Structures are given as C-alpha cells and as structure tokens.
Amino acid sequence: MNVASNPVTSADTGDQRILSYAEAIREAMALAMQADPTVIVMGEDIGVYGGAFQVTLDLIDRFGPDRVMDTPISELGGAGVAVGAALTGLKPIFEFQFSDFAMLAMEQIVNQAAKLRYMLGGEASVPVVFRMPSGSGTGAAAQHSQSIEAWFGHVPGLKVLQPATPEDAKGMLLAALADPDPVMIFEHKLLYKTRGHVPEGSYLTPIGKALVRRSGADLTIVAGSIMLHRALEAAERLAVDGIHAEVIDLRSIRPIDHDTILTSVRKTGKLLVVYEGVKAYGVGAEISAMVAESDAFDYLDAPILRLGAADAPVPYNPDLERASVPQVDTIEAAARRLARREV
Amino acid sequence: MADPTTDNRPFAIRHYAPAQLREALKRMYLIRRFEEGAEDSYTRGMIHGTMHLSIGQEGSAMASCMELTDADKITSNHRGHGHCIAKGADVGRMFAEFFGKETGYCHGRGGSMHIADVKTGNLGANGIVGGGLPIAVGAALAAKRLGKSDVTVCFFGDGANNEGAFHESLNIASVWKLPVIFVCENNGYGMSTSTARSTAVQHISQRAAAYAMPGVTVDGNDFSAVSEALHIAIARARAGEGPSLVENLTYRWRGHSKSDRNRYRTKDEIESWMAKDPIARFRADLIAHGILDDAAADAIAAEAVADVQKGIEFAKASAAPHLSEVTRYVYAEA
Ligand SMILES: Cc1ncc(C[n+]2csc(CCOP(=O)(O)OP(=O)(O)O)c2C)c(N)n1
Ligand SMILES: [Mg+2]
C-alpha cells in the first residue's frame, strides 16, 4: 500500500491549524497588506459585500476602502488600472468576480501586462496578481463556469497557478505577490469551502513546482485544482484492486514542471492527464507533447490518455453539467483501462 | 386615440386601448408571480445555480415593451425574467428552462441567466454585464439593412453603463443612426455598488449627450411615464432618426442574487421603495380611469396565479435532456 507523500487533508488536531481555502487566501492578502503598504486589493463588490464568494469578507474593515477598492463594473479599465499601478510602484491584487469576465480584460492582461517587460527590454516590471474564481459545478451555466487557465498558458510573460489546497492557496498568493511578473491564480469555486492545514505566518509556495501527492508505480495521473481531489479519490478506489496510481498535483501551468512529470512517467510508463478545461488544445495537450518530445517517451508502454471537459460550453442542467467534466468515476474508469492497456 | 391637447389623463390611458392595458396589468402580475414561483422552486431545490429576481421592476419591463411586435427585438440582461414575460414568453417554458428541462426555451442548456424566446423577438438574457448592448446594435443594423421598420429595445442595468461595451455601442448606434432604444433600468446598485460610488454622472441619461442622442430619465415605476418615453424613442427609431437612451429609475426588492446578504443598503430604503410598487400604482390608475374595477383586477391577478401554477406543473412533468446530448446545439445540425 502506497502512502500519500503529501496529504491534501489533515485531521483537526491541536497542533494543526485548519482553515478553508477561502480563509487561507484572505489570510494571505491580510498578511501581505500588513507587511507591505504598496499592496492593494481591487475588484467588483469586494468591499462591504465581501466578494461574490466571500473571499475578501472583512478586509475592508481591517484595511479601509483606500486599500480595498470596489471598482465599477469595468473589467478592462479595472484590470488595466491594476497593470498601470503595478508598473509604477503598487502591488495590486485584482479579483475578477468570475474568471470568465477576464475575457473583457484580455487586452490589458495579454497585450499589456504579459508583454510590457519584454517590449520595454527588461526596463519595466508589472507585479500584478489576478485572482480568478473558476470552474463548473455551481449551476451558473456557460458564461460563469469556464476553466480557461490553459488560454493563459499560451502567453509568454504570464505565470499561471492553480492551487488545490488551502495551504497552497495561501502560499501561492504570497509567492505571486513576491514575484516581479504578472501572476494569474485560478481558484476553484468548489474548493473555497474545503478545509485543510495552513501554516501560520508568511511562506512561499514555489511557482513552477508540481508535487507528488500520492506515490504509486502503475500509472501516473497528473491533475490540478479540483481534479487533483477527484484523481486522489479515484486512486484510492484503484488501490483496493491493487492498481497503484501516482498522483501529481500540477499546481503551476506556466511555468510547468517538466522534471516531476517526466520522472514519474519514466517510473510508471503510463500517463493520464485530467483537467477541467475543454479537452481539445488544453493542458493535457501540452503535457502529452512534453512527454512525447522527451526521453520519457521511450518508457511509455501505453498511449497517453487525456480527460477534459466535453466539447461544449458548460450546460445549465445539473446532470449535463456533471457529465460534461471529469468526475471520480470517469477518472477511475480511464485509469483502469490505462492500467490494463485497454486503450 | 384621444386628443392629447384636451385630454389630461396619463399618456398610457389616452394612448392604449383598454384591452391592451388590461393585458399589461396581467403580464405585470405574471412577472411578479413568476418571480415568486421561481424563488419558491429554488428554495425547494427544483432550480439550481443562482438567479436574479426583478420583483419591483415590473413596470419598467412591461411599459418598455408596450409598442413592440414579435418582429421587434429585445436584448436583456441577467435580471431578465420580466423582460422575457413582457415580450410575450410562455411561463411554462420558462419554468421548464429553469428546471433544466428539454421543453425549456433553451432546452435546459441555458437556465435563468440565458432565458430567451427568439420567436417573440427576445434575443436573450445575458450572463455578461453589458454583453447585450453591442448585440442590440447589431440587430438594429440588420433591420436597417434588410429594409425593415423593426426596432430593438436593449435592456441593461445601471452597472452596465460603466462597461466599455456601453460606450462603444452608443457611439456606433449614433453614428450609423440605428433603430435601437437603450433602456437603462437604474435600480440604484450594481450588485452592492451604488451608482454614486461607481458612476461619474448623476443620471445615466446624461451619458446620451456624449453620443449625440436624446436621453431622458423617468420614474421607472410609473407605467405611463415609461411607456411615453419609449413611445417617443420608438417613433424616432422607426422614422430612421436613430437611437435614444431612456433611464427608468426603479428598485429591486430582493437581493442581487440568491447569495446577497444586503449589507450595503438599509431596511428603510428597501421599504420606502416597496411602498412605490409599480403594479399597485398601475392597477390603481386603471381603476381610477375606469379601465377596470377592483373585481376585474382581482380576476386578472388570479389568472396570473393560475398561469404560474400551470407553468410549474408543465415544467415538473417535462423530461430532462439526454446525457448523451451534452454537445448538441454547439453547432448547427446537419
Ligand atoms: C462582465 C461582468 N462583470 C461582472 C458580472 C457580475 N455581475 C452580474 S450582475 C452584476 C451587477 C449588475 O448591475 P446592474 O447592471 O445595475 O444590473 P442589476 O443587477 O442592478 O439589475 C454584476 C457585478 C458579470 N456578470 N459580468
Ligand atoms: Mg442596477
């Protein structure tokens, strides 16, 4: 029986501080604001409303409206103001109410924030953090449920993170703030209320490092965000039948951690990539190609499998919605097929 | 139509036939009862996700649609149930959509935030604030190019007036003199943010000046005032003279969505607006001007209750989409 090397949940014991994912993010913002007066938080309804998902909850009471700023409903303007402020001495944390609305701000994120350092020959820095509540499962339909993290993976100049646990949610936000370049953090809406151990004080979760959450020799499953939890549950079921999956928490989409993934594939010879974005042209394509282009290819003894969202917008009907993205059952079934080389 | 120079009754009473006015009252009741039915169904777990109720704003929706035919178009926003009913939708198919059923207007794929009825000219609610504005301008362009006299009424909230899409749309509509009427339902807040905190001008209608089109602000809970403003704007649009901006001042009684804790407004404020109920006002006006009596108004109100009940039953009895059809409707079927 394999032991989880980096557990995602912890018992609520005396020496462990248990927080929710949302609380962990809030704690990171509060710590950063206490430590650094240039840190500000901006977004729609993040003040007295506390944010659509209550992540900023009481920050306005603690830091006041000059540092916790409700913007008008103006994503392009708001995100662009954050970029300009970052360029000139502030460290803005900009919350998109839903990651879907970042599409209204694409220009400032992709044409400006991502490219300014390069276009200016390294003379400028844009230390902005974009918080991106994302994912399906809330019944909010096609324009409020997308998983578009891979889009930003295509953009040199951006860093794209995806925390799966409260501990990482805090550590990644602090790491993003410490980073001199624009960082986008995709927070899964269904994870906000999940709980886990969160260390006290400031610590940085390294950007660009994946983590083996469960070790196993039979196949490698790479998954991030909520898909990590589903993959771990599937791995638990597989273990009952003697199939030992190694489960890697991707954590960072850009930069991506080649070493951790390739090392695991060399060991297991089988790779399943699970992600919530639309399967085509997604994170799975990048990871599959990474393996195909490396020596790890020689270690494969079955085709690579990808599980992603259906080739459709996220549907409203709850059963369709569930069926449209990978679930524990579908991951388990795919992993079994892969383990038996029935692909 | 009575002569407005000698007739000092409100515009709506002068201008519309009694049957039209009674139908408008019916649809306003229908909107109110529909919203309550949706709220109740949500509480019972028959609707998932979230939704944005328009209780308190029925006068604006109905009066804005008085002169529209099925060929005229509307675009709507996230608070779109009232617009949909005012434009002529069937509440059974709306409930079916909210219950995620194949018989729903969007075959269970869209839900509350995307409710539409293309056949009655409703191009759809929208999950994106400001998303409907350019689309409305496009519909107006199509009508003009195709030589039709159809107009498009574009509903949006005060919050949307701070999106770039608002400004770009008004400008394009104006320079191309397109038959579109921008109807801003100003209920004082975009979610928790008051217009005072979000918007540089006091009245959204002041924005019209920047785009060289007429802009008016009216009491959005006064059915007659709204219908008169729309009458003027629609006549202008049909005559090829271009767009207008009408701002209806109103208020939403409920929270922004199902997760609102109402921390940004007071109970007093909410109650003061509840005292300005647009349905009660319209009903009283109709009775005062002899369009109907109390008993007839009660009968209309009862019809709305029955329609909503029937609608819910229809929705419950309808089938859900097949799981195998997740990707149906992504592209045209061969
Ligand atoms: C582009 C975009 N930004 C933000 C949101 C989230 N949101 C939905 S409705 C809303 C408030 C809209 O206010 P308003 O336009 O005044 O309409 P009301 O809700 O008051 O009817 C917000 C912020 C969204 N759906 N789309
Ligand atoms: Mg509003």
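Residues numbered from 1 in each chain as written. Chains lettered and ligands numbered in written order. Predicted model: local features only at pLDDT ≥ 70, side-chain atom pairs only at ≥ 80, totals over all residues. Heavy atoms only, no water.

### What to know about the overall build of chain B
Test applied: Runs of H or I in DSSP of at least four residues are treated as helices and runs of E of at least two as strands, each being numbered from the N terminus. Taken over C-alpha atoms, the radius of gyration is set against a globule rule of 2.2 Å times the number of residues to the power 0.38. Partly exposed residues are those whose accessible area sits between 20% and 50% of the maximum for their type, while under 20% is buried and over 50% is exposed, using a 1.4 Å probe and protein chains only. Only heavy atoms matter for contacts: two residues are in contact if any of them lie within 4.5 Å across the pair. In short, Shrake-Rupley with a 1.4 Å probe defines the accessible areas, and a residue's cover is counted only from the protein chains shown. Two residue types count as positive, namely Lys and Arg, and two as negative, namely Asp and Glu; His and chain ends fall outside the count. Note on charges: their place is set at NZ of Lys, CZ of Arg, CG of Asp or CD of Glu.
Scanning chain B from N- to C-terminus turns up 12 helices and 7 strands. Against the 2.2 N^0.38 benchmark of 20 Å for 334 residues, chain B shows a C-alpha radius of gyration of 19 Å, consistent with a compact globule. For chain B, buried positions account for 57% of its 334 residues. Nonlocal contacts in chain B, meaning residues at least 24 apart in sequence, comprise 73% of its contacts between residues at least 6 apart. Carbon together with sulfur atoms contributes 55% to the accessible area of chain B, which is approximately 13200 Å² in total. Between the mean site of the 36 positive side-chain charges and the mean site of the 39 negative ones, chain B shows a separation of 4 Å.

### Quick look at the interface of chain B and chain A
Our working rule: Put simply, buried area is the surface a 1.4 Å probe can reach on two separate parts but cannot reach once they are joined, added for both. For this analysis, a polar contact is any N or O atom pair within 3.5 Å, provided that within protein one partner can donate a hydrogen and the other can accept it, and provided that sequence-adjacent residues contribute only side-chain to side-chain pairs. Side-chain classes follow a simple rule in which Ala, Val, Leu, Ile, Met, Phe, Trp, Tyr, Cys and Pro form the nonpolar group, Asp, Glu, Lys and Arg form the charged group, and the remainder, Gly included, forms the polar group.
With 39 residues of chain B at the interface, the matching set in chain A holds 35 residues. Each partner contributes to the roughly 2900 Å² buried at the junction of chain B and chain A, and carbon and sulfur atoms together form 60% of this total. Seen at the junction of chain B and chain A, the total is 13 residue pairs in polar contact (both at pLDDT 80 or more). Going through the elements one at a time, helix H5 (91-98) and helix H8 (195-198) of chain B are the ones with two or more residues in the side of chain B that touches chain A. Residue classes in the side of chain B that touches chain A are distributed as 12 nonpolar, 20 polar and 7 charged.

### Regarding the coordination of the magnesium ion (ligand 2)
Residues and elements named next belong to chain B. Quick reminder of the rule: With water excluded from the atoms, a metal site may look incomplete; its donors are any N, O or S atoms within 2.8 Å, or within 3.2 Å for Na, K and Ca.
Bound to the magnesium ion (ligand 2) are the protein donor atoms Asp 158 (OD), Asn 187 (OD1) and Tyr 189 (O), situated 2.0 to 2.1 Å from the metal. Donor residues for the magnesium ion (ligand 2), ordered by position in the chain, follow D-x28-N-x1-Y. Here Asp 158, found in the loop between strand E2 (152-157) and helix H7 (164-175), pairs with Tyr 189, found in strand E4 (residues 189-190); they are 31 residues apart in sequence, far enough to count as distant. Across the pair, exposure class does not vary: Asp 158 and Tyr 189 are buried alike.

### With respect to helix H11 (residues 278-288) of chain B
Residue and element names in this part refer to chain B. The following threshold applies: The directions considered for the arc are those from the helix axis to the C-beta atoms.
Of all the positions in H11, only Pro 278, Ile 279, Phe 282, Arg 283 and Leu 286 are classed as buried. When H11 is viewed along its axis, its buried side chains cluster within an angular range of 130 degrees and face the same direction. Gly 290 lies just past H11 and shows a positive phi near 70 degrees.

### Points about the nonpolar core
What counts, and what does not: What is meant by a nonpolar core is a set of buried Ala, Val, Leu, Ile, Met, Phe, Trp, Tyr and Cys residues, joined one to another through side-chain atoms within 4.5 Å.
Counting 65 residues, the largest nonpolar core has Leu21(B), Leu25(B), Phe34(B), Ile181(B) and Phe223(B) as the members making the most contacts within it. Take this core: its biggest share by element is 9 residues, from helix H2 (residues 18-43) of chain B. Apart from the residues within four sequence positions on either side, Leu21(B) is in contact with Ala12(B), Ile13(B), Tyr16(B), Phe223(B), Phe282(B), Leu286(B) and Ile291(B). Counting 57 residues, the second largest nonpolar core, distinct from the first, contains Leu161(A), Ala302(A), Val325(A) and Val328(A).

### Some thoughts on the sheet that holds strand E3 (residues 180-186) of chain B
Residue and element names in this part refer to chain B. Let me state the cut-off plainly: Any two strands between which DSSP finds at least two bridges are classified as paired. Note on geometry: axes are C-alpha line fits, over the in-contact stretch for helices, and angles between N-to-C directions span 0 to 180 degrees.
If you trace the 5 strands from one edge of the open sheet to the other, you get E1-E2-E3-E7-E6, paired in parallel fashion. For this open sheet the edge positions go to strand E1 (73-75) and strand E6 (215-219), each flanked by a neighbour on one side alone. Geometrically, the sheet is characterised by an average inter-axis angle of 20 degrees between neighbouring strands, direction not taken into account.

### Considerations on the site of ligand 1
The cut-off we apply is this: Nearness is judged by heavy atoms alone; a residue qualifies as near a molecule or strand once a single heavy atom is within 4 Å of it.
Taken together, 23 residues lie around ligand 1, and Glu75(A), His78(B), Arg79(B), Gly127(B) and Gly159(B) are the ones closest in. Interatomic distance of 2.6 Å between a side-chain N/O atom of His78(B) and an oxygen atom of ligand 1. Between a nitrogen atom of ligand 1 and a main-chain N or O atom of Val129(B), the distance comes to 3.0 Å. Protein chains bury 98% of the 580 Å² of accessible surface belonging to ligand 1 in isolation. Looking at side-chain class alone, the shell around ligand 1 contains 8 nonpolar, 9 polar and 6 charged residues.

### Let's talk about the side chain of Ser264(A)
Relative to the helices and strands, Ser264(A) is located in helix H9 (residues 258-268). Those residues within four positions of Ser264(A) in sequence are excluded, and the remaining contacts are Thr220(A), Glu246(A) and Ile248(A).

### Some thoughts on the domain arrangement of chain A
Residue and element names in this part refer to chain A. For the record, the criterion: Domain segmentation is taken from an automatic or database assignment of domains. Within this document, salt bridges are pairs made up of a side-chain nitrogen of Lys or Arg and a carboxyl oxygen of Asp or Glu, the two lying within 4 Å of each other.
Looking at the assigned domains, one finds that chain A contains domain 1 (3-197) and domain 2 (211-339). Averaged C-alpha coordinates put domain 1 and domain 2 at centres separated by 25 Å. Opposite the 36 residues of domain 1 that make contact, domain 2 presents 28 residues. Across the domain 1/domain 2 interface, buried area totals approximately 2400 Å², and carbon plus sulfur atoms make up 54% of it. Our count for the contact surface shared by domain 1 and domain 2 stands at 2 salt bridges. When the shortest N-O distance is used, the salt bridge between Asp 168 and Arg 213 registers 3.1 Å.

### A closer look at the environment of Ala317(B)
With respect to the helices and strands, Ala317(B) occurs in helix H12 (residues 294-317). For Ala317(B), a relative accessible area of 69% puts it in the exposed group.

### What about the sheet that holds strand E6 (residues 159-161) of chain A?
Residues and elements named next belong to chain A. Taken in spatial order, the 7 strands of this open sheet run E3-E2-E4-E5-E7-E6-E12, and their pairing is mixed. Two strands bound the open sheet, and with one partner strand each, they are strand E3 (68-70) and strand E12 (252-254). Each strand axis lies, on average, 20 degrees off the axis of its neighbour in the sheet, ignoring direction.

### Digging into the state of the cysteines
All names here are of chain B. Heads up, the condition is: Any two cysteine sulfur atoms within 2.5 Å of one another count as a disulfide.
Across all of its chains, the model carries 0 disulfides over all chains by this definition. Considering cysteine sulfurs only, Cys 84 is the nearest to Cys 65, which forms no disulfide, with 9.9 Å between them. With a relative accessible area of 5%, Cys 65 lands in the buried category. Cys 106 provides the cysteine sulfur closest to Cys 84, a residue in no disulfide bond, and the two sulfurs are 8.3 Å apart. For Cys 84, a relative accessible area of 0% translates into the label buried.

### Digging into the pairing of strand E10 (residues 219-223) of chain A
All names here are of chain A. Applied cut-off: We call a crossover right-handed when, viewed with both strands directed away from the observer, the connection leading from the first strand over the helix to the second proceeds clockwise.
Among the 5 residues that make up E10, 5 are buried, leaving the element largely enclosed by the rest of the structure. Here E10 shows a buried face lined by Leu 219, Ile 221 and Ala 223 and a second buried face lined by Thr 220 and Val 222. By the bridge criterion, 5 bridges tie E10 to strand E11 (residues 245-249) in an arrangement that is parallel. When the sheet's bridge partners are listed, Ile 221 is paired in E11 with Val 247. For the handedness criterion, the β-α-β arrangement of E10, helix H8 (residues 225-240) and E11 is classed as right-handed.

### A short note on the pattern of salt bridges
Residue and element names in this part refer to chain A. Using the criterion set out here, one finds 45 salt bridges over all chains in the structure. For the salt bridge of Arg 237 with Asp 329, the shortest nitrogen-to-oxygen distance reads 2.7 Å. Taken together, the positions of Arg 237 in helix H8 and Asp 329 in helix H12 (residues 328-339) put the pair 92 residues apart, joining distant regions of the chain. On the accessibility criterion, Arg 237 (30% relative accessible area) is partly exposed.

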